[in-house]
There are 2 protein chains.
Amino acid sequence: MKTYRYEENPIVKPVDVKPYHPGFEVIGAFNAGVARNGDEVLLLLRVAERPFSGDPDIVKVPIVRPESGRLEVMDLRRDDPRYDFSDPRVVRDVTSGVGFAYLTSLSYIRIARSKDGRNFSVDDAPFLYPSDASESFGIEDPRVTQIGDVYYVYYSAVSPTGIGVTLVSTRDFRQVERHGMIFCPDNKDVVIFPERIGGKYYALHRPTMKSTGSPEIWVAESDNLLYWGNHRHLIGLRPGMWDGGRIGGGAVPIRTSEGWLELYHGATREHRYCMGAVLLDLEDPSKVLARSDVPVLEPEMQYEREGFFGDVVFSCGALADGDTVRMYYGVADSSMACAELSLREILAGLVRV
Amino acid sequence: MKTYRYEENPIVKPVDVKPYHPGFEVIGAFNAGVARNGDEVLLLLRVAERPFSGDPDIVKVPIVRPESGRLEVMDLRRDDPRYDFSDPRVVRDVTSGVGFAYLTSLSYIRIARSKDGRNFSVDDAPFLYPSDASESFGIEDPRVTQIGDVYYVYYSAVSPTGIGVTLVSTRDFRQVERHGMIFCPDNKDVVIFPERIGGKYYALHRPTMKSTGSPEIWVAESDNLLYWGNHRHLIGLRPGMWDGGRIGGGAVPIRTSEGWLELYHGATREHRYCMGAVLLDLEDPSKVLARSDVPVLEPEMQYEREGFFGDVVFSCGALADGDTVRMYYGVADSSMACAELSLREILAGLVRV
């Protein structure tokens with residue numbers, strides 16, 4: 001596979017983003033949804049900001065209060081035996097048995113714009129900011145599906161009640177219409193197909209289970225994009241392979257003559273995140289035709305291997321133009337990079353199932 | 001609260017149900033959905049059957065093979081260090097980190113019929129039986145919502161890929177139309193309201209999260225009963241109270257002059273299951289008006305306290321007639337019982353929120 005990573009990579013870094021909150025630092029500008037709008041390429045960045053802590057004994061956690069919409073910062077003592085601070089991304093409450101109790105940063109969505117798809121400038125203000133109780137810990141990892149002249153933007157909404165996926169729509173990336181949570185917790189990594197198939201809309205989604213089952217990719221259908229059903233398990237983990245630990249949808253599916261090409265992420269049980277591909281039937285996307293035995297992109301460059309959470313390449317959007325797939329991807333939960341891949345080569349590398 | 005438990009309780013017991021599978025014993029006939037059909041009361045029983053094991057060193061686990069539709073029984077050695085057999089209901093794989101690996105019994109749905117609502121006879125054959133890969137570990141805990149002359153029956157579909165909720169419909173409890181999985185894993189305890197409200201259908205559901213959040217009650221809406229969205233968190237756990245460990249929808253909501261009355265189950269962290277109530281706004285069921293501080297029914301009788309999994313009362317359906325609420329409920333994951341409660345007293349006992 002010939003992979004052309006941009007020499008400019010990372011194309012957006014935390015230092016390129018002015019903090020929105022006084023007293024905060026930007027620690028991540030990553031996992032961006034991608035859209036073409038007029039003559040611009042837009043990256044809908046997940047920007048993560050963390051409160052400065054002057055005191056090494058204090059961990060500060062940000063929460064947007066649903067009542068006031070105001071950002072508050074809580075101080076947790078590092079020696080408090082109720083908490084486990086070993087994961088830099090989250091604070092676990094060891095007494096509760098639930099996954100995490102707080103996040104160490106607040107994420108929201110901010111737009112970076114470019115004429116050439118390589119040189120970006122970042123808007124000063126957020127495009128989407130936590131707006132209700134279901135988003136009080138932040139909003140993360142947006143994807144954008146354009147249908148006609150409407151852009152559907154959907155993202156992980158994180159709060160103490162769980163992580164679900166919420167949908168908004170816009171025509172101009174200024175005015176936004178809210179459509180509520182479309183996939184209830186525990187869910188992430190939704191990608192909505194860019195057209196109706198047999199009269200229905202389709203989406204891939206990634207539930208995470210506690211009772212039984214693994215973080216794998218499911219397919220659902222809809223007649224209005226707001227309400228979803230007919231959930232079916234699509235593809236599973238492959239123990240020992242690059243996607244043996246967890247998988248989830250990545251870029252919005254690309255229509256090709258051979259089928260719908262989905263660039264998805266897979267991680268090992270040791271949390272090494274790669275990008276691979278699965279090919280779905282054009283008429284029935286619940287039918288799997290072929291899949292990558294080896295990744296189409298894996299963390300190799302220093303900026304992919306080192307960062308806030310290293311050894312991660314994680315795409316939320318790609319632009320296809322002829323044989324060129326320009327895959328934008330988050331690196332190490334820190335920055336954005338881009339690589340150009342050959343559509344023909346990706347398809348040729350898939351193994352029929 | 002005056003509670004009239006039937007003298008006949010339990011009204012259906014495992015011994016009343018002939019095993020459907022040769023070489024199996026019926027260990028449960030419980031957690032039944034309830035419907036009125038003509039002059040009959042129907043209980044849609046969850047029947048659990050377990051393969052006999054002659055060998056105390058062997059635990060047998062049943063699986064319906066999705067390819068053939070045939071029931072197979074696997075033998076697991078009790079001394080196999082990969083497995084944890086401490087919970088009588090499930091087998092855990094200690095190496096995998098997922099919740100459970102197998103169930104020790106296979107559940108399916110069977111109808112019990114009665115003219116008086118107290119004396120039931122059980123059909124010989126299943127009404128609903130696992131039908132695809134998403135149901136290979138069984139189908140459980142049905143609820144029935146009647147809308148016009150169509151009965152919507154929905155139940156937990158259990159398989160290695162997770163536990164979701166699947167919908168079918170029938171007019172006569174013979175012919176069944178399948179509508180797929182309406183709530184993806186991890187979800188249970190769905191109750192669909194019996195009429196449109198402001199033009200939309202509503203349901204309560206109970207996602208279970210791994211990342212963060214607790215097993216609590218959510219509300220969703222739909223325009224066709226098949227596709228669901230606008231998920232919102234409705235009510236949460238109350239630590240230290242009867243519903244401090246987990247909660248979930250129980251009976252199909254009952255329309256009263258004061259609001260929608262939902263009889264829901266709550267358990268402590270020690271797994272003691274009681275029934276309580278929450279009152280929701282008639283025009284907007286996402287609005288909580290009042291809630292039980294104490295249960296409306298708790299496990300007190302011997303048949304509620306002792307059984308396959310003791311200290312459990314768990315209703316999946318009730319019939320309201322004037323002031324009388326005839327609440328059918330599973331006891332100790334073993335049998336069915338019924339109690340008559342006063343609607344007026346339930347409402348009077350609620351605490352405004």
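Residues numbered from 1 in each chain as written. Chains lettered and ligands numbered in written order. Predicted model: local features only at pLDDT ≥ 70, side-chain atom pairs only at ≥ 80, totals over all residues. Heavy atoms only, no water.

## As for the overall build of chain A
Phase 1: Counting its regular elements, chain A contains two helices and 27 strands.
Phase 2: Taking 2.2 N^0.38 as the reference for a compact globule, 353 residues should give roughly 20 Å; the C-alpha atoms of chain A span a radius of gyration of 19 Å, in line with that estimate.
Phase 3: Residue pairs in contact within chain A that sit at least 24 positions apart in sequence constitute 50% of those at least 6 positions apart.
Phase 4: When the accessible area of chain A is evaluated, it comes to approximately 13400 Å², of which 47% is carbon and sulfur surface.
Phase 5: Each charge sign in chain A was given a centre, from 40 positive and 51 negative side chains, and these centres are 1 Å apart. (Helix = DSSP H or I, 4+ residues; strand = E, 2+ residues; numbered from the N terminus. Rg over C-alpha atoms; globule rule 2.2 N^0.38 Å. Contact = heavy atoms within 4.5 Å. Areas by Shrake-Rupley, 256 points an atom, 1.4 Å probe, with all protein chains shown as cover. Lys, Arg positive; Asp, Glu negative; His and termini not counted. Charge placed at Lys NZ, Arg CZ, Asp CG, Glu CD.)

## Describing the environment of valine 17 of chain A
All names here are of chain A.
Phase 1: Structurally, the position occupied by valine 17 is in the loop between β1 (4–5) and β2 (24–37).
Phase 2: Residue valine 17 is classed as buried on the basis of its relative accessible area, which comes to 4%.
Phase 3: The spacing of valine 17 and phenylalanine 137 is 120 residues in sequence and 20 Å in space, taken between C-alpha atoms.
Phase 4: Not counting residues up to four positions away in its chain, the partners in contact with valine 17 are Val12, Val26, Ala29, Val47, Arg110 and Val122. (Buried < 20%, exposed > 50% of the residue type's maximum accessible area, 1.4 Å probe, protein only.)

## With respect to the interface of chain B and chain A
Phase 1: The interface of chain B with chain A comprises 41 residues on the first partner and 41 residues on the second.
Phase 2: For the pair chain B and chain A, the two sides together bury roughly 3300 Å², of which 54% comes from carbon and sulfur.
Phase 3: At the boundary of chain B with chain A, the tally comes to zero salt bridges.
Phase 4: Its residues assigned to classes, the side of chain B that touches chain A shows 15 nonpolar, 20 polar and six charged. (Buried area = accessible area lost by both parts, 1.4 Å probe. Salt bridge = Lys/Arg side-chain N within 4 Å of Asp/Glu carboxyl O. Nonpolar A, V, L, I, M, F, W, Y, C, P; charged D, E, K, R; others polar.)

## Quick look at the pattern of salt bridges
Phase 1: By the definition in use, this model includes 67 salt bridges over all chains.
Phase 2: Among the ionic pairs, glutamate 300 of chain A bridges to arginine 5 of chain A, the shortest N-O distance being 3.6 Å. Separated by 295 residues along the polypeptide, glutamate 300 of chain A in the loop between β23 (288–292) and α1 (302–305) and arginine 5 of chain A in strand β1 bring together distant segments of the chain.
Phase 3: Judged by relative accessible area, glutamate 300 of chain A falls into the partly exposed class, the value being 48%.
Phase 4: Two residues, aspartate 189 of chain B and arginine 143 of chain B, come together in a salt bridge whose shortest N-O distance is 3.2 Å. Remark: arginine 143 of chain B occurs in strand β11 (residues 138–147) and aspartate 189 of chain B occurs in strand β15 (residues 187–192); sequence separation between them is 46 residues.

## Description of unusual backbone geometry
All names here are of chain B.
Phase 1: Across the junction of asparagine 9 and proline 10, the peptide omega takes the value -10°, indicating a cis bond.
Phase 2: Within the element layout of this structure, proline 10 appears in the loop between β1 (4–5) and β2 (24–37).
Phase 3: Despite not being glycine, asparagine 230 has its phi angle at roughly 50°, a positive value.
Phase 4: Structurally, asparagine 230 is set in strand β18 (residues 229–235).

## Structural notes on the packing of aromatic side chains
Residues and elements named next belong to chain A.
Phase 1: One pass over the structure, following the stated rule, counts 30 aromatic pairs over all chains.
Phase 2: An angle of 65° between the planes, with centres 6.2 Å apart, marks the rings of tyrosine 83 and tyrosine 102 as edge-to-face. Residue tyrosine 83 is found in strand β6 (residues 83–84), and its partner tyrosine 102 is found in strand β8 (residues 102–103); the two are separated by 19 residues along the sequence.
Phase 3: An angle of 50° between the planes, with centres 4.6 Å apart, marks the rings of tyrosine 151 and phenylalanine 173 as tilted. Of the two residues, tyrosine 151 sits in strand β12 (residues 150–159) while phenylalanine 173 sits in the loop between β13 (162–170) and β14 (177–183), which places them 22 residues apart along the sequence.
Phase 4: According to the relative accessible area criterion, phenylalanine 173 is buried, its value standing at 2%.
Phase 5: Through a chain of ring-to-ring contacts, three or more aromatic side chains come together here, namely Tyr83, Phe85, Phe100, Tyr102 and Phe137.
Phase 6: One residue, arginine 78, lies across the ring of phenylalanine 85, its end atom 5.7 Å from the ring centre. (Phe/Tyr/Trp six-rings, centres within 6.5 Å; stacked < 30°, edge-to-face > 60°. Lys NZ or Arg CZ within 6 Å of the ring centre and 35° of its normal.)

## A closer look at the relation of the copies chain B and chain A
Phase 1: Once chain B has been moved 0.0 Å along the axis and rotated by 180°, it coincides with chain A to within an RMSD of 0.0 Å. As the rotation angle and translation indicate, the two copies are arranged about a two-fold axis.
Phase 2: Here 100% of the contact residues of chain B are again contact residues in chain A; the copies associate through an equivalent surface. (Least-squares fit on C-alpha atoms with pLDDT ≥ 70 in both.)

## Remarks on the sheet that holds strand β25 (residues 324–331) of chain B
All names here are of chain B.
Phase 1: As summarised here, the arrangement of the four strands in space is β1-β26-β25-β24, forming an open sheet in which the pairing is antiparallel. The open sheet has two free edges, formed respectively by β1 and β24 (313–321), since each of these has just one partner strand.
Phase 2: With eight bridges joining them, β25 and strand β26 (residues 335–342) adopt antiparallel strand pairing. Of the residues in β26, the one forming a bridge with tyrosine 328 is cysteine 338. (Pairing = 2+ DSSP bridges.)

## With respect to the sheet that holds strand β7 (residues 90–93) of chain A
Each strand in a sheet pairs with another by means of backbone hydrogen bonds, the pair being arranged parallel or else antiparallel.
Residue and element names in this part refer to chain A.
Phase 1: Here we have three strands laid out as an open sheet, ordered β6-β7-β8, and antiparallel in their pairing. On the outer flanks of this sheet lie β6 and β8, each paired with one strand and no other.
Phase 2: By the bridge criterion, two bridges tie β7 to β8 in an arrangement that is antiparallel. The partner of valine 91 across the bridge, within β8, is tyrosine 102.

## Looking at the confidence of the model for chain A
Phase 1: Scored by pLDDT, chain A comes out at a mean of 96, with 100% of its residues at no less than 70.
Phase 2: With pTM at 0.97, the complex prediction returns an ipTM value of 0.96. (pLDDT = per-residue confidence, 0-100.)

## With respect to the pairing of strand β9 (residues 106–114) of chain B
All names here are of chain B.
Phase 1: A large share of β9 lies buried, amounting to eight of its nine residues.
Phase 2: Note: β9 against strand β10 (residues 121–122), two bridges, orientation antiparallel. Residue pairing across strands places alanine 112 opposite valine 122, the latter belonging to β10.
Phase 3: Between β9 and β10, which pair antiparallel and follow one another directly, the connecting turn spans six residues, one of which, glycine 117, has a positive phi of 80°.

## A short note on the environment of glycine 307 of chain A
Phase 1: Looking at the element boundaries, glycine 307 of chain A is found in the loop between α1 and β24 (313–321).
Phase 2: Separated by 199 residues in sequence, glycine 307 of chain A and tyrosine 108 of chain A place their C-alpha atoms 19 Å apart.

## Remarks on the state of the cysteines
All names here are of chain A.
Phase 1: Taken as a whole, this structure holds zero disulfides over all chains when the rule is applied.
Phase 2: In this model cysteine 316 remains outside any disulfide bridge; the closest cysteine sulfur is found in cysteine 338, 13 Å from its own.
Phase 3: Among the residues examined, cysteine 316 registers a relative accessible area of 1% and is labelled buried. (Disulfide = S-S within 2.5 Å.)

## Describing the side chain of threonine 145 of chain A
Residues and elements named next belong to chain A.
Phase 1: You can see threonine 145 is positioned in strand β11 (residues 138–147).
Phase 2: For threonine 145, a relative accessible area of 0% gives the class buried.
Phase 3: Those residues in contact with threonine 145, other than ones at most four positions away along the chain, are Val150, Tyr151, Tyr152, Tyr154, Ile192, Phe193, Pro194 and Val252.

## Quick word on the side chain of serine 342 of chain A
Phase 1: Relative to the helices and strands, serine 342 of chain A resides in strand β26 (residues 335–342).
Phase 2: Reaching out from serine 342 of chain A, the side chain makes a polar contact with the backbone nitrogen of glutamate 345 of chain A at a distance of 3.0 Å. (Polar contact = N/O pair within 3.5 Å; in protein donor to acceptor, adjacent residues only side chain to side chain.)

## Focus on the environment of arginine 171 of chain B
Residues and elements named next belong to chain B.
Phase 1: Tracing the backbone through its elements, the reader meets arginine 171 in the loop between β13 (162–170) and β14 (177–183).
Phase 2: A relative accessible area of 56% places arginine 171 in the exposed class.
Phase 3: The sequence separation of arginine 171 and lysine 210 amounts to 39 residues, and the corresponding C-alpha distance is 38 Å.
Phase 4: Residues contacting arginine 171, with those up to four places away along its chain left out, are Asp149, Val150 and Tyr151.

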